[in-house]
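A structural walkthrough
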Amino acid sequence: MKIVSRNEELLRDALSCLPQPSSRTSLASCNKLIRFEDISAAAFKIQCGVQKTPCMYSRLSKQYGMDIYLKKEFLQYTGSVKERGVLYLLMSLPQEQQRKGVIVASDSNFSMAVAYHASELRVPVFVIMSTSTAPGRVRMCREYGAMVISYGTTAKDSQVHARRLAQENGYLYLEEEDSAVYLSGLGTVGLEVYEQVPKLDAVIFPAGGHCGLLAGSAAALKHLNPHISVIGVESESFPVLQQSLKAGHPTDDQACNNHHFYGDVSGVCFGSNSLQLTGKLVDKVVAVREEDILISMLRLLEYERATVDAEGAIGLAALVAGKLPELKGKRVAVVICSGNLELHLLQQCIARALTLDNRVCRFSLVISDCPGDMSKLLEILAREEARVLDIKQERTFVTSELFTVEVICTVETRDKIHTAQLRNALLERYPTTAWIER
């Protein structure tokens, strides 16, 4: 792609007069102008180490009244877009530091990406994880080639231990931050989306505390076409980015703990670079409910066969929730950035999403405890094409007349209309039917 410098003043204004980096990371990077040339150079340098993921037209387009293209970053080797920034960061380290090695202390997507790409580059890599870390994450980091050490019961314990090891052994302690190098690597997503989808009207990114992807990609997109709308989406439970933009500086809200469901979306805002770029270049930041995120995960699983986490689904959730009505009839790209969801959590999310989508429902009714009455109920359910998931009978604690049984039934339906039809059919035959609301 030919580089044509025409929006550098806008980027320069966004990053002017910034404070020096905080001591959260020992990486000695200075805040400097993130130029389009930096992002383009990052794309060239990492092209052999990360996937150029597809940006495909989605079958969800008709459902939401716009042309939706999904940028499937969850197809990266570690299941996360963070690989782009991490690889460019590691490749930019001095050779002496690459020889000594790096160390990280978390179970985040950032640490997984460091574990994999440092091993690929033959850079010694150590990952410190607390004893409460999910076994699957520990196993995965070891398989990537990292030396994993379990230490402490909290993430803070692991971080303190990692810093001590880094100081004693000359390792470089890495924490996700917003240096120009890291943002440039993440910004390559914007380059690819622009190249893959002609005549774009808008691009939707996950936001939250770690808004480096949003900021870096906005820098690329606004340089290539200032008329493309760049939109960030975060959770209503953790409106970190909106609070930080309103305050004018990164907020340190102690309520924003990294909830396992939300992952990096719920983290604290980690840097002024990405915050200032977001404030200058991003057109809109919206917040969505947890229910919308769950339904978005369900839609992606059913329509795209994509198993993603909350961070990956939150961009589409803005369309599911109807938060962006101005995009009707437009051509929109949505970045699906992460697919690292623990199996037990995936099961809970799917079950909850089906209930929220009115496709799993539960009711109770009282029938005579006589032969044939239960079969009549099952005949009604079969006639209405409801799939029985669970059925329980309670005899001992029934408070109605003698020789009756309370039946509690969980069934699966096609949609909200089908659920209403089933409800009417049951009420017609059993007027005392109680529908158990979600």
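Residues numbered from 1 in each chain as written. Predicted model: local features only at pLDDT ≥ 70, side-chain atom pairs only at ≥ 80, totals over all residues. Heavy atoms only, no water.

**Remarks on the overall build of the protein**
What the protein contains, in helices and strands, is 17 helices and 14 strands. Among the 438 residues that make up the protein, the fraction classed as buried is 54%. If you sum the accessible surface of the protein, you get close to 20,300 Å²; carbon and sulfur atoms cover 51% of it. (Helix = DSSP H or I, 4+ residues; strand = E, 2+ residues; numbered from the N terminus. Buried < 20%, exposed > 50% of the residue type's maximum accessible area, 1.4 Å probe, protein only. Areas by Shrake-Rupley, 256 points an atom, 1.4 Å probe, with all protein chains shown as cover.)

**Quick notes on the pattern of salt bridges**
Applying the stated rule across the entire model yields 21 salt bridges. Salt-bridge contacts for glutamate 192 lead to lysine 71; the nearest nitrogen and oxygen are separated by 2.6 Å. Of this pair, glutamate 192 sits in helix 9 (residues 180-196) while lysine 71 sits in strand 2 (residues 67-72); the two residues are 121 residues apart in sequence, bridging distant segments of the chain. The buried category is assigned to glutamate 192, whose relative accessible area is 13%. Measuring nitrogen to oxygen at the nearest pair gives 2.8 Å for the salt bridge that ties glutamate 73 to arginine 84. Placement of the pair is glutamate 73 in the loop between strand 2 and helix 4 (82-91) and arginine 84 in helix 4, with a sequence separation of 11 residues. Residue classification places arginine 84 among the buried positions, given a relative accessible area of 1%. Connected through shared salt-bridge partners, Lys71, Glu73, Arg84 and Glu192 make up one network. (Salt bridge = Lys/Arg side-chain N within 4 Å of Asp/Glu carboxyl O.)

**Focus on the sheet that holds strand 13 (residues 404-412)**
What holds strands together in a sheet is hydrogen bonding between their backbones, with the strands either parallel or antiparallel. Spatially, 12-13-11-14 is the arrangement adopted by the 4 strands of the open sheet, whose pairing is antiparallel. Because the sheet does not close on itself, it has two edges, and the strands there are strand 12 (387-394) and strand 14 (434-436). The sheet shows a mean angle of 25° between the axes of neighbouring strands, taken without regard to direction. For strand 11 (residues 360-368) and strand 13, the ladder comprises 9 bridges, and the chain directions are antiparallel. (Pairing = 2+ DSSP bridges. Axes fitted to C-alpha atoms, helices over the stretch in contact; angles between N-to-C directions.)

**Points about the nonpolar core**
Generally speaking, nonpolar side chains in soluble globular proteins are found buried as a group. The biggest cluster of nonpolar side chains holds 45 residues, and the ones touching the most others in it are Ile204, Phe261, Ile293, Leu319, Leu327 and Val334. Where this core is concerned, the elements lending two or more residues are strand 2, strand 7 (202-206), strand 8 (229-235), strand 9 (284-288), helix 13 (290-304), helix 14 (310-320), strand 10 (331-336) and helix 15 (343-356). For this core, the element with the highest residue contribution is helix 14, accounting for 8 residues. Core analysis: the next-biggest nonpolar cluster, separate from the first, contains 35 residues, Val197, Leu214, Ala215 and Leu275 among them. (Core = buried A, V, L, I, M, F, W, Y, C linked by side-chain atoms within 4.5 Å.)

**Side note on helix 6 (residues 109-120)**
If you check helix 6, its first and last C-alpha atoms are 17 Å apart, about what 12 residues at 1.5 Å a residue would give, namely 16 Å. Among the residues of helix 6, Asn109, Phe110, Ser111, Met112, Ala113, Val114, Ala115, Tyr116, His117 and Ala118 are the ones counted as buried. Considering only its buried residues, helix 6 is in contact with helix 4, strand 3 (102-104), strand 4 (125-129), helix 7 (135-144), helix 9 and helix 14. Phi turns positive, to about 60°, at arginine 122, one or two residues after helix 6. (Expected span 1.5 Å × (residues − 1). Contact = heavy atoms within 4.5 Å.)

**Details of the side chain of histidine 210**
Inspection of the secondary structure assignment puts histidine 210 in the loop between strand 7 and helix 10 (212-224). A relative accessible area of 17% means that histidine 210 is categorised as buried. A polar atom in the side chain of histidine 210 sits 3.1 Å from the side chain of glutamate 176. (Polar contact = N/O pair within 3.5 Å; in protein donor to acceptor, adjacent residues only side chain to side chain.)

**A word on the pairing of strand 2**
Burial analysis of strand 2 places 5 of its 6 residues in the buried class, the great majority of the element. Looking at chain direction, strand 1 (residues 55-57) and strand 2 are connected through 3 bridges and run antiparallel. When the bridges of strand 2 are listed, tyrosine 57 appears paired with tyrosine 69. Summarising the sheet, strand 2 and strand 10 pair through 6 bridges and their orientation is parallel. Within strand 10, the residue paired with leucine 70 across the bridge is valine 334.

**Here's the deal with the confidence of the model for the protein**
Reading predicted coordinates in detail is not appropriate for stretches of low pLDDT. Mean pLDDT for the protein: 88, with 88% of residues reaching 70 or above. Across residues 1-31, where pLDDT falls below 50, the model places 67 contacts with residues more than four positions away in sequence or in other chains. (pLDDT = per-residue confidence, 0-100.)

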